[in-house]
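Tertiary structure, described
The chain contents come next:
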Amino acid sequence: MTVPETTGSVLHACVLDGNGGARHLAPADIGAWTPADGVLWLHIDFSKTGAYELLEGGLPVSLPEVVLDVLTNNETRPRAVTVGSGLLVALRGVNMNPGQNPADMVSIRVWVAADVVVTSRRRRLLAVQDILGDLEKGGGPATPGDLLVHLVARLADRIGVYIDKIEDQLLTSEEEMADKDAEPQRLGLAKTRRQIANVRRFVAPQRDALEKAYRYPPAWLPPIEVQQLREEADRIARYVEDLDLARERAILLHEEYQGMIAQQQNSRMYVLSIVAAIFLPLTFVTGLLGMNVGGLPGLENHRGFTWSVVVMLVCAVLVWLVLRWRRWM
């Protein structure tokens, strides 16, 4: 189920009931929330007017300055850092929005504390919609750490699907090359290599960020959720290895394409060289007989042209026999 987003800086506000469900709050009711009501999850669009002011003074909890900066920063690489009693995490997800380039990964910032979770983004992220749909069905996260694990897992799912798509593209390129039809795939392979580089640029530090998150967790994070974070970090690490392997395959394919193109060029040059070698003595004979000087043989003989043709044919046959004898053709 897709939950509609509001038009202001607050996209979603809900209170987790601890059993996989949630109660949605109106933006005006956020200030009345207390920890006794349950875990508050606030999802905002930091590019909208009033987002920073809301985070700075419009919440019933106080956020550290470094958290405010990260939650409202336009550009941030994946990382995880413990700030006070909370965990600040910046993640990236594959851009599955319609008409967008999937390799242009979407960022999401997460502040997780014992009783509140704040997530911020600039572009729409479908992983958040998945979690909201799970909450509507009663099968969503129950705790702040569980919400972070769900978010990481949803992001990892889509990264895995996209890596499978990249591997399918490489497999298609390999099949096309086996069919000696390399040229139509050459430009597609270059695009695939760029996509691999763009995705790996953010997935690799995301692996490191998740590793830091589970190695140095907050005190309130249960061991079971720490273990789940570790499992997700291991999955991201496998995806990085898959991207490395896909990159190596793309490099090998590119080298094979270049080798095929070079071989085709060499074959064409070889044919031209053979033709030039055969016609070289013919060109010499015609050039010699074409000199406009006296004393050339055959000028007064009506069979001169015939004998010239015979001489040229004999020269061509002799050159052809020499090339066959030397096994040059």
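**Thoughts on the sheet that holds strand β4 (residues 79-83)**
Spatial ordering of the open sheet is given by β2-β1-β3-β7-β6-β5-β4, a layout of 7 strands whose pairing is mixed. One side of each edge strand has no neighbouring strand; the edge strands of this open sheet are β2 (22-24) and β4. Geometrically, the sheet is characterised by an average inter-axis angle of 20 degrees between neighbouring strands, direction not taken into account. The pairing of strand β6 (residues 106-112) with strand β7 (residues 116-121) spans 5 bridges and is classified as antiparallel.

**Overview of empty space enclosed by the protein**
This model, assessed by the stated rule, comprises 2 cavities of 30 Å³ or more. Taken as a whole, the largest cavity encloses approximately 60 Å³ of empty space. Lining the largest cavity are 13 residues, with Val94, Leu125, Leu126, Ala127 and Arg158 positioned closest to its centre. Elements that contribute at least two residues to the lining of the largest cavity include exactly α3 (126-137) and α4 (144-178). When residues of the lining of the largest cavity are assigned to their parent elements, the largest contribution, 3 residues, is made by α4. Considering only enclosed or pocket space, the second largest cavity measures out at about 40 Å³ in volume. For the second largest cavity, the full set of lining residues is Trp41, Val110, Thr119, Ile131, Leu147, Leu148 and Leu151. Top element by residues in the lining of the second largest cavity is α4. It accounts for 3 residues.

**A word on the confidence of the model for the protein chain**
Across the protein chain, pLDDT averages 85, with 94% of residues at or above 70. A low-confidence stretch, residues 1-7 (pLDDT under 50), is modelled with 19 contacts involving residues beyond four sequence positions or located in other chains.

**Here's the deal with the layout of surface pockets**
For the largest pocket, the calculated volume is near 220 Å³. Every residue lining the largest pocket is counted, 12 residues in all, and those nearest its centre are Leu289, Pro297, Gly298, Gly304 and Ser308. Looking at the lining of the largest pocket, the elements that each hand over two or more residues are α6 (223-289) and α7 (304-325). Among the elements that line the lining of the largest pocket, the one with the most residues is α7, at 5 residues. Taken together, the residues of the lining of the largest pocket sort by class into 9 nonpolar, 3 polar and no charged.

**Points about a negative patch on the surface**
Together, Glu53, Glu56, Glu65 and Asp69 make up a negatively charged patch on the protein surface. For the negative patch, the elements supplying multiple residues, two or more each, are α1 (51-57) and α2 (65-71).

**Concerning the environment of Thr49**
Relative to the helices and strands, Thr49 resides in the loop between β3 (39-45) and α1. Judged by relative accessible area, Thr49 falls into the exposed class, the value being 80%. Sequence spacing of Thr49 and Ser9 is 40 residues, and the spatial spacing of their C-alpha atoms is 6.6 Å.

**Here's the deal with the packing of aromatic side chains**
Counted according to the given criterion, the structure contains 0 aromatic pairs. For the cation-ring pair, Arg92 lies above Phe202, with the distance from its terminal atom to the ring centre recorded as 4.0 Å.

**Some words on the pattern of salt bridges**
Using the criterion set out here, one finds 11 salt bridges in the structure. In this structure, the salt-bridge partner of Arg207 is Asp208, at a minimum N-O distance of 3.3 Å. A relative accessible area of 24% places Arg207 in the partly exposed class. Take Asp208: its relative accessible area is 42%, and that puts it in the partly exposed class. Its salt-bridge partner being Glu211, residue Arg215 comes within 3.0 Å of it at the nearest N-O pair. On the criterion of helical spacing, the pair formed by Arg215 and Glu211 is a turn pair, its members being 4 residues apart in helix α5 (residues 183-215). Residue Glu211 is classed as partly exposed on the basis of its relative accessible area, which comes to 29%. Bridged by salt links that share partners, the residues Asp45, Lys48 and Arg121 form one connected network.

Each value, and the rule that gives it
- Residues numbered from 1 in each chain as written.
- Predicted model: local features only at pLDDT ≥ 70, side-chain atom pairs only at ≥ 80, totals over all residues.
- Heavy atoms only, no water.
- Pairing = 2+ DSSP bridges.
- Helix = DSSP H or I, 4+ residues; strand = E, 2+ residues; numbered from the N terminus.
- Axes fitted to C-alpha atoms, helices over the stretch in contact; angles between N-to-C directions.
- 1 Å grid on protein atoms, 1.4 Å probe; cavity = no way out; pocket = protein on both sides within 12 Å on 5 of 7 lines; lining within 4 Å.
- Points joined across faces, edges and corners; volume = space filled by probe spheres on them.
- pLDDT = per-residue confidence, 0-100.
- Contact = heavy atoms within 4.5 Å.
- Nonpolar A, V, L, I, M, F, W, Y, C, P; charged D, E, K, R; others polar.
- Patch = residues over 30% accessible without salt bridge, like charges linked within 9 Å, V, L, I, M, F, W, Y side chains within 5 Å.
- Areas by Shrake-Rupley, 256 points an atom, 1.4 Å probe, with all protein chains shown as cover.
- Salt bridge = Lys/Arg side-chain N within 4 Å of Asp/Glu carboxyl O.
- Lys, Arg positive; Asp, Glu negative; His and termini not counted.
- Charge placed at Lys NZ, Arg CZ, Asp CG, Glu CD.
- Buried < 20%, exposed > 50% of the residue type's maximum accessible area, 1.4 Å probe, protein only.
- Phe/Tyr/Trp six-rings, centres within 6.5 Å; stacked < 30°, edge-to-face > 60°.
- Lys NZ or Arg CZ within 6 Å of the ring centre and 35° of its normal.

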